[in-house]
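Inside the fold
As a plain string of letters, each chain reads:
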Amino acid sequence: MSTVLIIVLIVVVVIAVAAAVVFLGPGRGRVGGGKSLKSRFGPEYDRVLARHQGDTKAAEQELGERVKRYGDFRPRELSRERHESYVALWAGVQEQFVDSPPKAVAEAHGLVSKVALERGYPQGEQEQMDALSVHHAKHLDGFRRVGRAARGEGGTEEMREALVEARELFEALVTDHVGHGSAHGGDHGHHGTRKDEHGTHKPGLLGRPTKAKGSGV
């Protein structure tokens, strides 16, 4: 094989590889096909599809744009002190549900949004929801439900269910990438931490919600 032919083949391969990189895109921002999007977004995929009246192409285009925009986003680290502060605030929200369910769900919605903002998610309800859907799609419906409950939609039972579901997103936001520093001088024996299967200290999950009279919370 001549030297010229070898050079030509190398150039063709390099161009093909470069084209593939441009087409696929880097990192987590890569957008897959229908099955990939459905697996990634779960219930959010079905919700967007329904909003587009079953138009799969339009729904997947919207979800694909979200991945392109927020797929490479990395949340800011949450300090241990802030983690503990937010956990305490959520406990207060749950206790408040006993006396005032509407006020409790309103504060829960605001608290989840505040934590998301501190982690670096965008400000603005729609932008924040879009970004959260890329990274926490399985927990997003609870946040959406507690938002509706905060606007007075539904009775006490609906508010209770919304609060329980919203807690899943709240827990995910406050326990992911928490700093190692502790307000109490270390992690060993601290009541706010637990060990995973590898023996690594991790922030403890929140307790079950306070049970309100007749509410089941």
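The following refers to the structure shown. Keep in mind it's a predicted model, so treat the numbers as computed, not measured.

Reading the values: the criteria
- Residues numbered from 1 in each chain as written.
- Predicted model: local features only at pLDDT ≥ 70, side-chain atom pairs only at ≥ 80, totals over all residues.
- Heavy atoms only, no water.
- Helix = DSSP H or I, 4+ residues; strand = E, 2+ residues; numbered from the N terminus.
- Buried < 20%, exposed > 50% of the residue type's maximum accessible area, 1.4 Å probe, protein only.
- Contact = heavy atoms within 4.5 Å.
- Salt bridge = Lys/Arg side-chain N within 4 Å of Asp/Glu carboxyl O.
- 1 Å grid on protein atoms, 1.4 Å probe; cavity = no way out; pocket = protein on both sides within 12 Å on 5 of 7 lines; lining within 4 Å.
- Points joined across faces, edges and corners; volume = space filled by probe spheres on them.
- Nonpolar A, V, L, I, M, F, W, Y, C, P; charged D, E, K, R; others polar.
- Phe/Tyr/Trp six-rings, centres within 6.5 Å; stacked < 30°, edge-to-face > 60°.

A word on the overall build of the protein. When helices and strands are tallied, the protein shows 9 helices and 2 strands. Along its sequence from the N terminus, the protein presents helices and strands in the succession α-α-α-α-α-α-α-α-α-β-β. The 217 residues of the protein split such that 38% are buried. Considering only intrachain contacts with a sequence separation of at least 6, the fraction spanning at least 24 residues in the protein is 64%.

This part is about the pattern of salt bridges. Using the criterion set out here, one finds 13 salt bridges in the structure. The partner of Glu 44 in a salt bridge is Arg 66, and the shortest N-O contact between them spans 3.0 Å. Of the two residues, Glu 44 sits in helix H3 (residues 43–51) while Arg 66 sits in helix H4 (residues 56–70), which places them 22 residues apart along the sequence. For the pair Glu 44 and Arg 66, one class covers both residues: buried. Overlapping salt bridges bring together Glu 44, Arg 47, Arg 51, Glu 62, Arg 66, Asp 130 and Arg 144 as one network.

Roughly 180 Å³ of internal volume is contained in the largest pocket. Taken together, 14 residues make up the lining of the largest pocket; nearest its centre are Arg 47, Glu 125, Gln 126, Met 129 and Arg 144. When residues of the lining of the largest pocket are traced back to their parent elements, those giving at least two are H3, helix H7 (125–135) and helix H8 (140–150). Partitioned by chemical class, the residues of the lining of the largest pocket number 3 nonpolar, 3 polar and 8 charged.

Take the packing of aromatic side chains next. Evaluated as defined, the whole model comprises 2 aromatic pairs. With a centroid separation of 4.7 Å and 55° between ring planes, the pair formed by Phe 73 and Tyr 121 is classed as tilted. Placement of Phe 73 in the loop between H4 and helix H5 (80–96) and of Tyr 121 in the loop between helix H6 (101–118) and H7 is noted, with a sequence separation of 48 residues between them. The pair Phe 73 / Tyr 121 is uniform in exposure class, with both members buried. Between Trp 90 and Phe 170 the ring centres are 4.6 Å apart and the planes differ by 20°, which places this aromatic pair in the stacked class. Here Trp 90 is found in helix H5, whereas its partner Phe 170 is found in helix H9 (residues 156–175), with 80 residues between them in sequence. Take Phe 170: its relative accessible area is 0%, and that puts it in the buried class.

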